[in-house]
Amino acid sequence: MAERPKPSCDTFVVLPSATSHKGVIFGKNSDRPNGEVQELVFFPAQEYPSGSKLKCTYIEIDQAPKTFSVILSKPAWMWGAEMGANDQGVVIGNEAVWSKLGQAEDEHLLGMDFVRLGLERGATAEEALTAIVELLEKHGQGGPCSDVDPDLNYHNSYLIADKKEAWVLETVGNIWVAEKVETGFRNISNALSIGTKIDRKCEKLFDAAKDMGLWDGEGEFDYAKVFGKEINETVASKNLKQKDLLSKSTSTNTFGVVDILEILRDKDLNSCRGQDHPFVNAGSQVSVLSPPGTDKPSCHWFTATPDPSISVFKPFVFTPNVQISHLTVSPVPDPDPAKVMPRFQTKVDRSHALYKFHKDATSISNPKRSEVIAKLRSMEEECIAEVQSFVDKFEPGQPLNEVDELLKDIVETEIKFYK
C-alpha cells in the first residue's frame, strides 16, 4: 500500500546580517488536510488571577499571570495555532516530524498549542522556547492533529525568532534539543534537522537515547541521526533546493519581503501546494521584524486563504488599539449537542467569509480566474509599497493609530473586489 501523504510545511528565517533592512524576516507555509479552514485571529494581552486555568485543545493547564497580544493563523477547530506573532516581536512556526519513537497518539498538548503558548508567554525567542519546553516536560505532547483524520498524529519542531536571533527547537515525545541561529538563514521542514550543534537540551537526553537502545554512548551525539527516521528522497531533495535558493537569495545581503514571498510561492520547491493537493497550503505568514534598537514597527503579512501563489498577503501591525476584520474569523459551531456532528465522521463547515469568497473567485472553473489573480497580485504590490513607505518614514514616538485598522481595511477591500 502506498504511504499516505503527510503534511509538508516549510518555515524559513533570514537574520539581520543578510536582509536589506537589517532586521529579521520570517516566513511559513502551513500545510493542512485539504478543506480544513485556517482562520486569522487576534487576542489582546490579558492578566489573570492566581489559580486560573486554561483549556487548550485537549487538556487543561495552569494559566499564566499575564499574556502578550498575539495574532494567529490557526486551524479553526483547535485552540492552538500553526504560526503567529506577538506584540514583543516574537514569531513562531511549527513543523510535523516523525521519529523512531512512533506517533504521538495520547491526548496531551498539541504542537500547535505550544506555538500559541510560546507566543502568549515569551517576550523573546528564548523566553518562548523556555515556556514551550517547560510545558512539554510537564504535560507532554500528543493527540489527533486533525478533526477529520484520527490517524494524523506527529511530534513537532519549531522555528522561533525575535528581532535579534532565532532558535530551532526539535522534540520527540518530551525529549528536546535546541539550536541557536545567530547569522545567515535557517529553514526547517518535516524531518529532524539538528545534528551535533546542540545549544540547549533536556537533562535526560543522553540517558534516554541509551535506554531506548538508540545510542551506545560512544562518539559525538547527533540528535537527528539518533532519533530521526530516514528522510525520504522527496523531503531530502526539497530541503536541498530550499537551502540552495536561500543561499543564493541572501548572498548579496539584500534579502527582502519580495524575496520571501517568491520562495513561499515557488512550486518547484514542492513547498507551495495548491487546492488540488491532499495537504494544501491552508495559510501563509511573512513577518518583517524591525531592526534591534529601532522604534520602527514590525509588519506581519498573512494570507488567511489557501495557496500563497493565488492569495494576497495582507499586512498587520501591532498597535495599542488594533482591530482586525471578523471576515477572517470562522463561525463558532452550533453549541446544541443534538446538532453537533460526530468528530472524525462528518466535517463541520468552518469557512469564514474571506475563505468562501476567495475559493469561489480562484476556482479553476471560474473563467475570470487569471484576471482575478492578476488583480490580487497588483493589489498586494501596491500595499507592500505603501507599508514600506510608512515604515521608512516612521519617526520615534510617532503614533500608530493610522494603522489600527490596516489589516481590516485590506481584508474588506479584498472582499469587495470578489463581490
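Use the structure listed above.
None of the values given here were measured: they were computed from a predicted structure.

1. Observations concerning the sheet that holds strand β16 (residues 279-288)
- Taken together, six strands build an open sheet; the order of strands is β14-β1-β2-β16-β17-β18 and the sheet is antiparallel. Each edge of the open sheet is held by one strand with a lone partner, namely β14 (185-188) and β18 (314-316). Strand-to-strand twist across the sheet, computed as the mean angle between neighbouring axes with direction ignored, equals 15°.
- Of the pairings in the sheet, the one linking β16 to strand β17 (residues 299-302) comprises four bridges and is antiparallel in character.

2. A look at the pattern of salt bridges
- In this structure the tally under the stated criterion is 19 salt bridges.
- Of the charged contacts in the structure, one is a salt bridge between K28 and E95, with a shortest N-O distance of 3.5 Å. Of this pair, K28 sits in strand β2 (residues 25-33) while E95 sits in strand β10 (residues 91-97), placing them 67 residues apart in sequence.
- By relative accessible area, K28 is classed as buried at 0%.
- E182 is paired through a salt bridge with K180; the nearest N and O atoms lie 3.7 Å apart.
- Counted as one network, the salt bridges with shared partners bring together K28, R32, E36, E82 and E95.

3. Side note on a negative patch on the surface
- A cluster of acidic residues, E105, D106, E107 and D151, forms a negative patch on the protein surface.
- With respect to the element layout, E105 can be found in the loop between β10 and α1 (111-121).
- For E105, a relative accessible area of 52% gives the class exposed.

4. Observations concerning the side chain of N29
- By the element assignment, N29 lies in strand β2.
- From its side chain, N29 meets the backbone oxygen of L264 in a polar contact 2.9 Å long.
- Separated by 2.6 Å, the side chains of N29 and S284 make a polar contact.
- Setting aside its immediate chain neighbours within four residues, N29 contacts C9, D10, L264, S271, C272, N281, G283, S284 and P308.

5. Some remarks on α1
- Most of α1 is tucked away: 11 of the 11 residues are buried.
- Turning to α1, its buried residues number three or more, namely G111, M112, D113, F114, V115, R116, L117, G118, L119, E120 and R121.

6. A short note on the packing of aromatic side chains
- Counting across every chain of the model gives 10 aromatic pairs.
- With a centroid separation of 5.0 Å and an interplanar angle of 70°, the aromatic rings of F206 and F221 are classed as edge-to-face. In this pair, F206 sits in helix α3 (residues 205-211) while F221 sits in the loop between α3 and α4 (223-227), placing the two residues 15 residues apart along the sequence.
- On the basis of relative accessibility, which here comes to 7%, the residue F221 falls in the buried class.
- An angle of 85° between the planes, with centres 4.8 Å apart, marks the rings of F316 and F318 as edge-to-face.
- With a relative accessible area of 15%, F318 lands in the buried category.
- An aromatic cluster is defined as three or more aromatic residues linked by ring pairs; in this entry it consists of F42, F316 and F318.
- Looking at R116, its charged tip hangs above the ring of F43, at a distance of 4.2 Å from the centre.

7. Quick look at the sheet that holds strand β12 (residues 166-172)
- With antiparallel pairing, eight strands are arranged side by side in an open sheet as β3-β8-β9-β10-β11-β12-β13-β15. The open sheet terminates on both sides in strands that have one partner only, identified here as β3 (38-43) and β15 (200-201).
- As paired elements, strand β11 (residues 155-161) and β12 share five bridges and run antiparallel to each other. Bridge pairing in β12 links Y158 to L169.
- Relative to β10, α1 is tilted by about 165°, and along the sheet it contacts β3, β8 (70-75), β9 (83-86), β10 and β11.

Rules of the game
- Residues numbered from 1 in each chain as written.
- Predicted model: local features only at pLDDT ≥ 70, side-chain atom pairs only at ≥ 80, totals over all residues.
- Heavy atoms only, no water.
- Pairing = 2+ DSSP bridges.
- Helix = DSSP H or I, 4+ residues; strand = E, 2+ residues; numbered from the N terminus.
- Axes fitted to C-alpha atoms, helices over the stretch in contact; angles between N-to-C directions.
- Salt bridge = Lys/Arg side-chain N within 4 Å of Asp/Glu carboxyl O.
- Buried < 20%, exposed > 50% of the residue type's maximum accessible area, 1.4 Å probe, protein only.
- Patch = residues over 30% accessible without salt bridge, like charges linked within 9 Å, V, L, I, M, F, W, Y side chains within 5 Å.
- Areas by Shrake-Rupley, 256 points an atom, 1.4 Å probe, with all protein chains shown as cover.
- Lys, Arg positive; Asp, Glu negative; His and termini not counted.
- Charge placed at Lys NZ, Arg CZ, Asp CG, Glu CD.
- Polar contact = N/O pair within 3.5 Å; in protein donor to acceptor, adjacent residues only side chain to side chain.
- Contact = heavy atoms within 4.5 Å.
- Phe/Tyr/Trp six-rings, centres within 6.5 Å; stacked < 30°, edge-to-face > 60°.
- Lys NZ or Arg CZ within 6 Å of the ring centre and 35° of its normal.

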